[in-house]
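Tertiary structure, described
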Amino acid sequence: MAKACLLSLFVAIAASRCHALTLHGKLSMRNQLTRSKFIYSTASAVFFADMSSLVLGSSPACAAEENPRYLESEVQMKYGDDANGNPRTRGVLVRRLTGDSTPYSFPSPRPIRLVKEWPEEPPFKKTDFFRADEGDDENFYTLPRLVYHIDEPAVAALTQYYRSNIAAGSSILDICSSWVSHYPLEFKKKMKRIAGTGMNPLELLANDQLTDYEARNLNVNPALSYDDNIFDVVTCVVSIDYLIHPIEVLKEVRRVLKPGGKAIISQSNRCFPSKAISMWLNMNDRQHLELINGYGKYAGFASGVAYDITASEPGNPYNDPMYIVELSK
């Protein structure tokens, strides 16, 4: 590793690490990593050579009855070794939100009535799935983004919803996953399996709640590489708006779910506008929920149920909203 770049993630506070996972593999940047991109991705793990290594582990604090509010980690990067062996290093502090020990309150999920009657055949046009940036998604997601795309109250609301609505011993699949899945800390021990699939293998490796993962671009190949009827729950967090083949993906989700299993699709009001489909950008929050339910219908699911699970915070009425659509097989 003397002349290879090193990417490591380790816990700086909140507990000692119990075990480590290491990834060694080639990753071609295809000349896309400029200085400006490096600076822009301040919370990303960036490296500029052929080899990478990511080290992480789980914390004994995860078993504690009183979970901490945050788990803080430091990402250390070593890159740019030249012929004289002069590397540059940089460290970035990353804060993981556990969803617990927060000042927020979590009202009971408020049902949202889904009223749109969808025709027998999908009414969507090809242009509905166009995006402002039609460039290669794998290029867009090349750099690991160890950041959050929704605020802490929204994360906490989703974590509490999962705790109340996913039974212990379940097998779970998290699609469009990343370095966090927003599950309660105890899920790693209480669930039978937590699989993940997402765009960036380093982000997936950094997700210490996953028991196994596969990097996959569902916009290129919407098929899931899992057997039929093996998961109790499939989750998808604030990502369905980026899928250009959402019905095909949800057909695959239905295939891998056990009879009686459910998909929990969560959505807020944030996105990368350049990568969200045009139809989504022209809709409001309520219409997004109706659209997800329509996708589910054409994928073979029963009619879905929707909830507003937005957390509340004293003195702050401007938290990110959080909505759920559950689709049952």
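Structure: see above.
The paragraphs below set out a description of the structure included in this document. Note that the structure is a prediction, hence the values are computed from the model and not measured. (Residues numbered from 1 in each chain as written. Predicted model: local features only at pLDDT ≥ 70, side-chain atom pairs only at ≥ 80, totals over all residues. Heavy atoms only, no water.)

Broken down by element type, the protein chain carries eight helices and 13 strands. Looking at the protein chain as a whole, 51% of its 329 residues qualify as buried. Restricting to contacts in the protein chain with at least 6 residues of sequence separation, those with at least 24 account for 76%. Surface exposure of the protein chain reaches about 15200 Å², of which carbon and sulfur atoms provide 52%. (Helix = DSSP H or I, 4+ residues; strand = E, 2+ residues; numbered from the N terminus. Buried < 20%, exposed > 50% of the residue type's maximum accessible area, 1.4 Å probe, protein only. Contact = heavy atoms within 4.5 Å. Areas by Shrake-Rupley, 256 points an atom, 1.4 Å probe, with all protein chains shown as cover.)

Positive phi, close to 55°, is recorded for Ser101, a residue that is not glycine. The exposure class of Ser101 is partly exposed, given its relative accessible area of 46%.

It is worth spelling out helix α6 (residues 246–256) at this point. Inspection of α6 places Pro246, Ile247, Val249, Leu250, Glu252, Val253 and Val256 among the buried residues, and these make up the whole buried set. Packing partners of the buried residues in α6 comprise β7 (171–175), β10 (231–237), β11 (257–267), α8 (285–299) and β13 (323–328).

The subject of this paragraph is the side chain of Thr159. Take Thr159: it is sitting in helix α3 (residues 152–165). A distance of 2.8 Å separates a polar atom in the side chain of Thr159 from the backbone oxygen of His182. Contacts of Thr159, omitting those with residues within four sequence positions, involve Thr98, Gly99, His182, Tyr183 and Pro184. (Polar contact = N/O pair within 3.5 Å; in protein donor to acceptor, adjacent residues only side chain to side chain.)

Okay, the environment of Asn293 next. With respect to the helices and strands, Asn293 occurs in helix α8. The buried category is assigned to Asn293, whose relative accessible area is 7%. On a C-alpha basis, the gap between Asn293 and Leu327 in space is 7.6 Å, while along the polypeptide they are 34 residues apart. In this structure Asn293 touches Leu114, Trp118, Ser303, Gly304 and Leu327, once residues within four positions along its chain are discounted.

This paragraph deals with the environment of Ile230. Assignment of secondary structure puts Ile230 in the loop between β9 (212–215) and β10. When the C-alpha positions of Ile230 and Lys258 are compared, they lie 5.6 Å apart, and in sequence the two are 28 residues distant. Not counting chain neighbours up to four residues away, the residues in contact with Ile230 comprise Ser171, Arg193, Val256, Leu257 and Lys258.

Our focus in this paragraph is the packing of α6 against α8. For the pair α6 and α8, interaxial distance at closest approach is 8 Å and the crossing angle is 60°. As summarised for this structure, α6 and α8 are arranged oblique, according to the angle between their axes. The two elements α6 and α8 meet at a crossing, and its hand is right-handed. Where α6 abuts α8, its residues Pro246, Ile247, Leu250, Lys251 and Arg254 lie against Tyr295, Gly296, Tyr298 and Ala299. The residue makeup of the contact of α6 with α8, split by class, is six nonpolar, one polar and two charged. (Axes fitted to C-alpha atoms, helices over the stretch in contact; angles between N-to-C directions. Parallel < 35°, antiparallel > 145°, perpendicular 65-115°, else oblique. Left-handed = near helix turned anticlockwise from the far one by under 90°. Nonpolar A, V, L, I, M, F, W, Y, C, P; charged D, E, K, R; others polar.)

Take α8 next. Counted at 1.5 Å a residue, the expected span for α8 with its 15 residues is 21 Å, and the 21 Å between its end C-alpha atoms agrees. Burial analysis of α8 places 11 of its 15 residues in the buried class, which makes it a mostly covered element. When we look at burial in α8, the residues that qualify are His288, Leu289, Glu290, Leu291, Ile292, Asn293, Gly294, Tyr295, Gly296, Tyr298 and Ala299. Buried positions along α8 lie against β6 (110–112), α6, β11, α7 (278–281), β12 (305–308) and β13. The N-capping residue of α8, defined by a side-chain oxygen 3.2 Å from the backbone nitrogen of Arg286, is Asn284. (Expected span 1.5 Å × (residues − 1).)

Here we come to the packing of aromatic side chains. Per the counting criterion, the structure on display carries 12 aromatic pairs. The interplanar angle of 70° and the centroid separation of 5.8 Å between the aromatic rings of Phe124 and Tyr295 together place this pair among those described as edge-to-face. Residue Phe124 is located in the loop between β6 and α2 (137–140), and its partner Tyr295 is located in helix α8; the two are separated by 171 residues in the primary sequence. Here the two residues Phe124 and Tyr295 agree in accessibility, since each one is buried. Centroid distance Phe124 to Tyr298: 6.2 Å. Interplanar angle 90°. Geometry classified as edge-to-face. Of this pair, Phe124 sits in the loop between β6 and α2 while Tyr298 sits in helix α8; the two residues are 174 residues apart in sequence, bridging distant segments of the chain. Here Phe124 matches Tyr298 in class, with each residue buried. Among the aromatic residues, ring-to-ring pairing joins Trp118, Phe124, Phe129, Tyr295 and Tyr298 into one connected group. (Phe/Tyr/Trp six-rings, centres within 6.5 Å; stacked < 30°, edge-to-face > 60°.)

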